[in-house]
Amino acid sequence: MDFMTGLERRTIKANGIRINLWAGGNGPPVLLLHGWPQTAQMWHKIAPRLAQHHTVVCPDLRGYGDSDKPRDGYDKKTMARDMHEVMRALGHERYALVGHDRGGRVGHRQALDYPEAVTRLCVLDIVPTHTVFSRTERHLAAAYWHWFFFQAPDLPEVMISAAPEAFLRHVIRALSFRTGAIEEPLIQEYLRAFTLPGTIRATLEDYRAAATRDFEDDAHDLALRVGCPLLAIWGQFGKMHDLFDVLATWREKADVVSGHPLPCGHFIPEEAPEELLADLQAFLAG
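Predicted model only: the values in this text are computed from it and were never measured. (Residues numbered from 1 in each chain as written. Predicted model: local features only at pLDDT ≥ 70, side-chain atom pairs only at ≥ 80, totals over all residues. Heavy atoms only, no water.)

J.: In this structure, what is going on with the environment of Asp-66? I would like to understand it.
T.: In this fold, Asp-66 is placed in the loop between β4 (55-59) and α2 (76-89). For the pair formed by Asp-66 and Leu-21, sequence separation is 45 residues and the distance between their alpha carbons is 8.6 Å. Setting aside residues no more than four positions away along its own chain, Asp-66 makes contact with Arg-9, Asn-20, Asp-60, Arg-192 and Leu-196. Separated by 2.8 Å, the side chains of Asp-66 and Arg-9 make a polar contact. (Helix = DSSP H or I, 4+ residues; strand = E, 2+ residues; numbered from the N terminus. Contact = heavy atoms within 4.5 Å. Polar contact = N/O pair within 3.5 Å; in protein donor to acceptor, adjacent residues only side chain to side chain.)

J.: Hey, could you run me through the pairing of strand β1 (residues 8-14) in this one?
T.: Look at any regular strand and the pattern is simple: side chains alternate between the two faces of the sheet. With seven bridges joining them, β1 and strand β2 (residues 17-25) adopt antiparallel strand pairing. Bridge assignment links Arg-10 to a residue of β2, and that residue is Leu-21. Between the antiparallel neighbours β1 and β2 lie two residues, among them Asn-15 with a positive phi of about 55 degrees. (Pairing = 2+ DSSP bridges.)

J.: What is the right way to look at the sheet that holds β4 in this model?
T.: Backbone-to-backbone hydrogen bonds join strands into a sheet, with any given pair of strands oriented parallel or antiparallel. Spatial strand order, β1-β2-β4-β3-β5-β6-β7-β8: eight strands in an open sheet with mixed pairing. Only two strands of the sheet have a single partner each, and these edge strands are β1 and β8 (257-262). Neighbour-to-neighbour, the strand axes of the sheet open up by a mean angle of 20 degrees, direction not taken into account. Against the sheet, α2 makes contact with β1, β2, β3 (29-33), β4 and β5 (95-100), and its axis sits at roughly 115 degrees relative to β1, the strand it touches most. Packed on one face of the sheet, helix α14 (residues 273-285) meets β3, β5, β6 (118-124), β7 (230-235) and β8 and runs near 160 degrees to β6. (Axes fitted to C-alpha atoms, helices over the stretch in contact; angles between N-to-C directions.)

Here it is as structure tokens:
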């Protein structure tokens, strides 16, 4: 099911794998990266309208949606290289980047590894990965239990695969504030993608990489800072709002930081599309 009105669906070979994406529009390029457990179609309320003034690219990340699901490569340096090569293959040497959840973590690494390419970075409902693990305490561990449950090898795959729809619906319900913001047809599409062979394993490897390779890479690069303007937006009724001073965490990592919460939960592009669109249009216009 295709909900990306007005955008063309394409497959691009990048970094040795096939990436499924939607692209369209005219104007300065902007790369939109989705979060877990969704796909690029989570941008369906944002991307078509943003495409009125921008060239919009919405890929399924490695392991997600209809992109390839290789055995490895779920560290953020590799995933960032995937996305940078996608943009170069489409002819975009410089681009803005908006990332939600896991896509924001890819975007953070992308801005560090390709500073000449990423002109602006917006991160949605996250604090830096290194900050999460270095400051974990009981409240965070309880709120983000799945980060730690996913670290066990193989067992989470078996348990989630036994009831994938119940698991997916629980996650969406638990992290949402605006009931019904993710409509049933989208839930069915996310479920289709989530139950494709290899998706559950691949997306858990994304989380496992965060606790290992990503943390090590971030620790090695603690002196590096994001040089482009960074906009942080988070859900006022989400867990990040209660656990962190979100702007302070990003000011530790970037030179020019602004941002604020929106009246929603975790799934900002679907729960608060009008508010987010207004913020993105102003931010991308510079």
